[in-house]
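Chain by chain, the residues run as shown.
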Amino acid sequence: MYYLNAHTWYSLRYGTFSVEKLCALAQSHKVKHLAVTDINNTSACLNFLNIASQYGIKPLVGIDFRNGARQQYVGIAKNNEGFRKLNEHLSLHLHLKKTFKPEAPALPDCFIIYPFDKVVANKKTFFLANEFIGISAESLRKLKFSSYLNYKDKLVLLQTVTFRNKRDYNAHRLLRAIDNNTLLSKLPISEQGSFSDQMMPPEVIAEAFEDYPHILENTKKLISNCEVDFRFGKTQNRNLLVAGETAEADILRLKKLCEEKLEKRYPHAEKKVFERIDKELNAIIKLGFVSYFLINYDIVTYARFKKFPFIGRGSGANSIIAYILGITNVDPIELDLYFERFINESRSSPPDFDIDFSWKDRNDVTAHIFSTYKNTALMGTYVTFKRRAVARELGKVFGLPKENIDRLSAGFFHLDQLDKMEKLVLRYSALIEGFPNYLSVHSGGILILNDSVYNYAATFLPPKGFETIQIDMNIAEEVGIHKFDILAQRGLSKITDAIEIIKENQPDAYIEPIENIAVFKEDPQINDLLKTGDCMGVFYVESPAMRGLLTKLQTDNYLNLVAASSIIRPGISSGGMKEEYIKRHRNPERRKQGHPVMLKIMDDTYGIMVYQEDVMKVAHKFAGLSFEDADVLRRGMSGKKTSKGQMELIQAKFRSNCRAKGYSEEIISEVWEQISSFAGYAFPKGHSASYAIESYQSLYLKKYFPLEFMVAALNNGGGFYNVETYIQEIRKCGGSVHAPCINKSDHPTSIYGKDIYLGLGYIKELETQTVKQILENRQFFREFTSFDDFIDRVNISIEQLSILLKINAFRFTGLDKHHLLWKAHFKLNASKTSTRQERLFNTPHKDFELPEFEFSDLIEAFDQMELLGFPLCSHFKLLRHAIEDGIKAKDLSNYVGREIIIYGDLITAKKTGTSTGKYMYFGTFFDSEANVFDTVQFSAVAEKYPLRSKGIYKCYGKVNNELDYISIKIHKLVRQETLGDPRLLNSLR
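1. Topic: the overall build of the protein chain
1) Next: Helices and strands together make up the secondary structure of the protein chain, namely 39 helices and 23 strands.
2) Next: Relative to the compact-globule value of 30 Å for 989 residues, the protein chain shows a C-alpha radius of gyration of 33 Å, a close match.
3) Next: Projected onto its principal axes, the C-alpha coordinates of the protein chain cover approximately 95 × 90 × 65 Å.
4) Next: Counting every position in the protein chain, which comprises 989 residues, the buried fraction comes to 54%.

2. Thoughts on helix H15 (residues 402–410)
1) Next: Taken residue by residue, H15 has Asn404, Ile405, Leu408 and Ser409 as its buried positions. Looking straight down H15, one finds its buried side chains confined to an arc of 130°; they lie on one side. Of the residues in H15, the exposed ones pointing more than 90 degrees away from the buried face are Lys402 and Glu403.
2) Next: With its phi angle positive at about 85°, Gly411 sits one or two positions after the end of H15.

3. Some remarks on the pattern of salt bridges
1) Next: Enumeration according to the criterion identifies 47 salt bridges in this entry.
2) Next: Across the salt bridge formed by Glu433 and Arg387, the nearest N and O atoms sit 2.9 Å from each other. Here the residue Glu433 occupies a position in the loop between helix H16 (420–432) and strand E12 (436–448), and Arg387 occupies one in helix H14 (residues 387–397), the gap between them amounting to 46 residues.
3) Next: Lys954 is the partner of Glu884 in a salt bridge, and the nearest nitrogen-oxygen pair spans 3.1 Å. Here Glu884, found in the loop between helix H37 (857–868) and strand E19 (899–913), pairs with Lys954, found in strand E22 (residues 952–962); they are 70 residues apart in sequence, far enough to count as distant.
4) Next: Its relative accessible area of 51% is what places Glu884 among the exposed residues.
5) Next: Classification of Lys954 as buried rests on a relative accessible area of 11%.
6) Next: A cluster of three or more residues bridged by salt bridges with shared partners is formed by Glu81, Arg84, Lys85, Glu88 and Asp109.

4. What about the packing of aromatic side chains?
1) Next: Applying the stated rule across the entire model yields 46 aromatic pairs.
2) Next: Both rings, one in Phe293 and one in Phe353, keep their centres 5.4 Å apart while their planes meet at 85°; by these two values the pair is edge-to-face. Of this pair, Phe293 sits in helix H11 (residues 290–305) while Phe353 sits in the loop between helix H12 (320–325) and strand E10 (354–358), and the two are 60 residues apart along the sequence. Just as Phe293 is buried, Phe353 falls in that class too.
3) Next: Ring plane angle 40° and centroid distance 6.3 Å describe the contact between Phe622 and Phe654, whose orientation is recorded as tilted.

5. Some thoughts on empty space enclosed by the protein
1) Next: Taken as a whole, this structure holds 3 cavities of 30 Å³ or more when the rule is applied.
2) Next: Leu335, Asp336, Tyr611, Glu613, Asp614, Lys617 and Lys685 together form the lining of the second largest cavity.
3) Next: Classifying every residue of the lining of the second largest cavity by side-chain character gives 2 nonpolar, no polar and 5 charged.

6. Let's talk about the state of the cysteines
1) Next: Scanning all chains against the criterion turns up 0 disulfides.
2) Next: Of all cysteine sulfurs, the one in Cys733 lies closest to Cys535, which takes part in no disulfide; the gap is 12 Å.
3) Next: A relative accessible area of 0% places Cys535 in the buried class.

7. Description of the pairing of E19
1) Next: Sheet analysis places E19 next to E22, joined by 7 bridges and oriented antiparallel. Residue Ile900 lies in a different strand from E22, and its bridge partner there is Gly957.

8. Things to note about the nonpolar core
1) Next: Ranked by internal contacts, the top residues of the largest apolar core, which has 91 residues, are Leu701, Ile763, Phe790, Leu801, Leu804 and Phe810.
2) Next: In contact with Phe790, other than residues within four places in its own chain, are Ile742, Ile774, Phe784, Ile796, Leu801, Leu804 and Phe810.
3) Next: Within the second largest apolar cluster, 73 residues are counted, among which are Leu107, Tyr114, Met200 and Leu449.

9. Concerning the sheet that holds E22
1) Next: The sheet built from 5 strands closes into a barrel, its strands ordered E19-E20-E21-E23-E22 with mixed pairing. Sheet twist, expressed as the mean angle between neighbouring strand axes with direction ignored, is 50°.
2) Next: Where E22 meets strand E23 (residues 965–975), 10 bridges bridge the pair, whose relative direction is antiparallel. Residue Tyr956 lies in a different strand from E23, and its bridge partner there is Lys972.

10. A short note on H14
It helps to recall that an α-helix has 3.6 residues per turn; residues three or four apart then point in one direction.
1) Next: Turning to H14, its buried residues are Val390, Ala391, Leu394, Gly395 and Val397. Down the axis of H14, the sector holding all buried residues measures 155°, keeping them to one side.
2) Next: Residues of H14 that are buried make contact with helix H6 (166–180), H15 and H16.
3) Next: Gly399, located one to two residues past H14, shows a positive phi value of around 75°.

11. Quick notes on unusual backbone geometry
1) Next: Its identity is not glycine, yet Glu765 carries a phi of approximately 70°, on the positive side.
2) Next: For Glu765, the position within the fold is in the loop between strand E18 (755–757) and helix H33 (768–780).
3) Next: Not every positive phi belongs to a glycine, and Ala930 is a case in point at roughly 70°.
4) Next: The exposure class of Ala930 is buried, given its relative accessible area of 18%.

12. Considerations on the sheet that holds strand E6 (residues 131–135)
1) Next: The strand order across the open sheet built from 8 strands is E7-E6-E5-E4-E3-E2-E1-E8, with neighbouring strands paired in mixed fashion. Each having just a single partner strand, strand E7 (155–157) and strand E8 (160–161) make up the two edges of the open sheet.
2) Next: Relative to strand E3 (residues 58–67), strand E2 (residues 33–39) runs parallel, the two sharing 7 bridges. Its bridge partner lying in E3, Asp38 is registered against Ile63.
3) Next: Contacts from helix H3 (residues 80–96) reach E3, strand E4 (70–77) and strand E5 (110–115), with the element oriented near 20° to E3.
4) Next: Packed onto the sheet, helix H8 (residues 213–224) meets strand E1 (2–6), E2, E3, E5, E6 and E7 and runs at close to 80° relative to E7.

13. Description of the packing of helix H9 (residues 247–265) against H11
1) Next: Running from N to C, H9 and H11 cross one another at 55°; their axes reach a closest spacing of 9 Å. Here H9 lies oblique to H11, going by the angle between them. Judged by the sense of rotation from one axis to the other, the crossing of H9 with H11 is left-handed. Contact residues: H9 offers Asp250, Ile251, Arg253, Leu254, Leu257 and Lys261, while H11 offers Val290, Ser291, Phe293, Leu294 and Tyr297.
2) Next: Considered class by class, the residues forming the contact of H9 with H11 number 7 nonpolar, 1 polar and 3 charged.

14. Description of the side chain of Glu708
1) Next: Assignment of secondary structure puts Glu708 in helix H31 (residues 706–715).
2) Next: The buried charged residue Glu708 lacks any salt bridge, with Lys754 as its nearest oppositely charged partner at 9.8 Å.
3) Next: Leaving out residues up to four positions away in the same chain, Glu708 has contacts with Ala498, Ile501, Ile502, Asn505, Gln506 and Ile751.

15. Side note on a negative patch on the surface
1) Next: Where like charges cluster on the molecular surface, the negative patch consists of Glu203, Glu207, Glu210 and Asp211.
2) Next: Along the chain, the position of Glu207 falls in helix H7 (residues 202–208).

16. Here's the deal with the environment of Gly537
1) Next: On the secondary structure map, Gly537 appears in the loop between helix H20 (524–532) and helix H21 (544–553).
2) Next: Looking at Gly537, the relative accessible area reads 0%, which means it is buried.
3) Next: Separated by 495 residues in sequence, Gly537 and Thr42 place their C-alpha atoms 44 Å apart.
4) Next: Aside from chain neighbours lying at most four places away, what touches Gly537 is Lys494, Glu542, Phe709, Met710 and Tyr726.

17. Focus on the pairing of E5
1) Next: Within E5, 6 of the 6 residues are buried, which leaves the element mostly enclosed by the surrounding structure.
2) Next: Bridge analysis of E4 against E5 gives 4 bridges, and the strand direction is antiparallel. If you follow Ala77 over to E5, its bridge partner there is Cys110.
3) Next: The pairing of E5 with E6 spans 4 bridges and is classified as parallel. Each residue of the ladder has a partner; that of Ile113, found in E6, is Phe132.
4) Next: In this fold, E5 hands off to helix H4 (residues 116–122), which returns the chain to E6; that crossover is right-handed.

18. Some words on the environment of Ile970
1) Next: Note that Ile970 resides in strand E23.
2) Next: Exposure remark for Ile970: the relative accessible area of 2% places this residue in the buried category.
3) Next: Taking the C-alpha atoms as reference points, Ile970 and Phe922, 48 residues apart in sequence, are found 9.9 Å from one another.

19. Here's the deal with the environment of Ile900
1) Next: Mapping Ile900 onto the fold places it in strand E19.
2) Next: For Ile900, a relative accessible area of 6% corresponds to the buried category.
3) Next: Between the alpha carbons of Ile900 and Lys958 there is a distance of 6.0 Å; along the sequence they are 58 residues apart.
4) Next: Not counting residues within four places of it along the chain, the set of residues in contact with Ile900 comprises Ile887, Leu892, Tyr895, Cys955, Tyr956, Gly957, Val959 and Ile968.

So, how was this worked out
Residues numbered from 1 in each chain as written. Predicted model: local features only at pLDDT ≥ 70, side-chain atom pairs only at ≥ 80, totals over all residues. Heavy atoms only, no water. Helix = DSSP H or I, 4+ residues; strand = E, 2+ residues; numbered from the N terminus. Rg over C-alpha atoms; globule rule 2.2 N^0.38 Å. Buried < 20%, exposed > 50% of the residue type's maximum accessible area, 1.4 Å probe, protein only. Arc of directions from axis to C-beta. Salt bridge = Lys/Arg side-chain N within 4 Å of Asp/Glu carboxyl O. Phe/Tyr/Trp six-rings, centres within 6.5 Å; stacked < 30°, edge-to-face > 60°. 1 Å grid on protein atoms, 1.4 Å probe; cavity = no way out; pocket = protein on both sides within 12 Å on 5 of 7 lines; lining within 4 Å. Points joined across faces, edges and corners; volume = space filled by probe spheres on them. Nonpolar A, V, L, I, M, F, W, Y, C, P; charged D, E, K, R; others polar. Disulfide = S-S within 2.5 Å. Pairing = 2+ DSSP bridges. Core = buried A, V, L, I, M, F, W, Y, C linked by side-chain atoms within 4.5 Å. Contact = heavy atoms within 4.5 Å. Axes fitted to C-alpha atoms, helices over the stretch in contact; angles between N-to-C directions. Parallel < 35°, antiparallel > 145°, perpendicular 65-115°, else oblique. Left-handed = near helix turned anticlockwise from the far one by under 90°. Lys, Arg positive; Asp, Glu negative; His and termini not counted. Patch = residues over 30% accessible without salt bridge, like charges linked within 9 Å, V, L, I, M, F, W, Y side chains within 5 Å. Areas by Shrake-Rupley, 256 points an atom, 1.4 Å probe, with all protein chains shown as cover. Charge placed at Lys NZ, Arg CZ, Asp CG, Glu CD. Right-handed = clockwise from strand over helix to strand, strands pointing away.

Just distances and angles here, no functional claims.
Here's what the structure looks like:
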């Protein structure tokens, strides 16, 4: 039997099951020929072509072209060229957001099938050789009474498959209601598929078309002319030609670059360096990754030319070639990194370079790649439906009250208290959870191909304007396409922005070149920041958990920081190995408790597996596996794909080799279990080392230019904490933070000496055009000399001016903002239509006698909270009742083991599940002197006193000292009452 129009769930918000389930359905109906034709989408096609043979199916691929839910025609690819043309046709319309015309353009190498109802409606009478009329079992009744019955050679079977059963159909209608943002009861019929769009048993189709054998014969003939073939698992984009017209030219280019740049990295290169270079070059050339290195080299060369900061990380940091070329800054010889972790013959998946750029620069780098390489696209990714979000959407579709929807979405309910409709929401939420919701852009993947992108899938055009392919990284890997990872982060732009701010604020200051990592590593003052956990604002090491870990480890060097970056990961932490590592690090005697074999293999980490490479170390040195087999083991243990049966063979070899070495079965099993529990969670050592380098760069700036560094942090979105936290850090470093000012503020935050002015961009509801006008006027002319001068020079509405006055942006005038607000209303006619036309002459200003206005710091604070989101005064000044005596964070070390009371302003809280199914809280607070302290609440206390909202708490607890890390075990919390908003109180009088 033949089905030429089958949908998967990649017919977004329409289809209801996966490619695998479609194939299983076809197999159960003994269907041997099946076409996947999703609606305006080819995401499923490659996966379908890859797996169809496993179900005994001859696969066909195409597209169901629709305007919304209205079907226009179905395109089926005759061959690979036809598949490309279908993808091009779809992509053009998706890019331009054009609707599809009722008739398809000329698409050679494709079959076009018009649904019968559409043919009748359009009165189509002329058909090209590759065009057909699709007849379903349902439309067959109409055909009997139609003149199209005479088009015998043009009639084919077009039975749409979208559902398996009533439940799928119900889910489909719910998806359509979500897509149309309407109640289910108001969903138009035209926006739904027909319940009959199901796969029918062969005998039912045979009986229905008994009198029309030519229709089935035509369909069979069409199918026999279709063959799309992909070489899955092959290398689709290796050996791209970069340096010349031959692969040999690329090889010579790579070798020459290594020779030219060797001395910079290794001024006195030893024999092991040259041996490592030869080993890597041989593997790179043999496996076809020469162009991969050359393209990444081109990318970072462009970045250096543009003075863009970047960091090469991931397993690519294990390569000495990458280090010599400057793609990474991690020396694999220094850190004993295995190249086989990155590239080896047993690794089926492509190697992985992750290159981080500043979030400000990535688009420029991406544009360079698109302009340099012909067949390029961003990698797509699918955002799936999450259960809570689905529950909210379905609650709206069913018309439930908001409070019911909130309860269902949050999960705060008892099943026996729900009504029938609410239970239905939960039932279908569970069904729809995991469905693809919409196509998005992969966080960093870029495809550079040997041939057209459209050979693989269609593309769409996200807001930033780069073509993005309709397949994700999993499908790309199956096909054998390796991606280039161009990622964005804010830590790098903090560094470059800080340097620029230092040059402006302290023009005579000496700034150590930021690439001088060796200098930073040896600086005791920088290392002291690590040792004490004083890392607020510093990339990757500022979180409470990381600060605590650095303090416990007494981290004072680069290698220790590299280890800390990995042992913070969940696999090591949850297995108890983090605590054991800390104890062995702090107590050399304890290291003797480690297994002698493991201590010998991993002496630098005290016999504890810390990095992904440690799995390979143990497999190689303990079990005698080759590095290639060891990497297969690491990947398999990490849950990544390996060849069928490969892991079983590796395990057998592991055990066999160990027995041959004379190890007992107990030791063999113990080591195997350690590998199994660890491998899936740790970082590659090179990845941790790359992060540590960036941390040292930030630490240098924080130590010697703290104010400029923190301003840069604010201007790049902060980091782990909120804006207020970084403002407190600025004050701790000796800076004074001021509200936005008309004359001092820019759009971002500005610094003048030790005075920091928040940017105009922080002011809520202040329009971008207003900010632009103020800054341009000030830049081209001069600072504003008075309030009247501002009104003369800036064309502004009374609403926008009121916002600036409310935040006290005109305080340079020395006049009270309430006084100025009255003047503004007198001087500007709020009802008058605003004009952008410049005045030829300024009219004289009248002044007005106004009464004295009451000024209050409390009103100022609430105005700031309204317009900035936070007050610039301490939250402790907003308490209704003064705090009683309590100790301060700086004195906690004097109270270890004792019960104390301390008042804290909550910065952040982390809720963590426990092995018993309950939860606990880890809190971080400011005390009244703006010093930080940390707390922990175990499950019984956490349940009674949850940390769900910001505010000031009276904390009762016991002070603990765990390896120099001070924290408070909380017994009780009392949230302190704050003063009310005086503006509201005044309005009620």
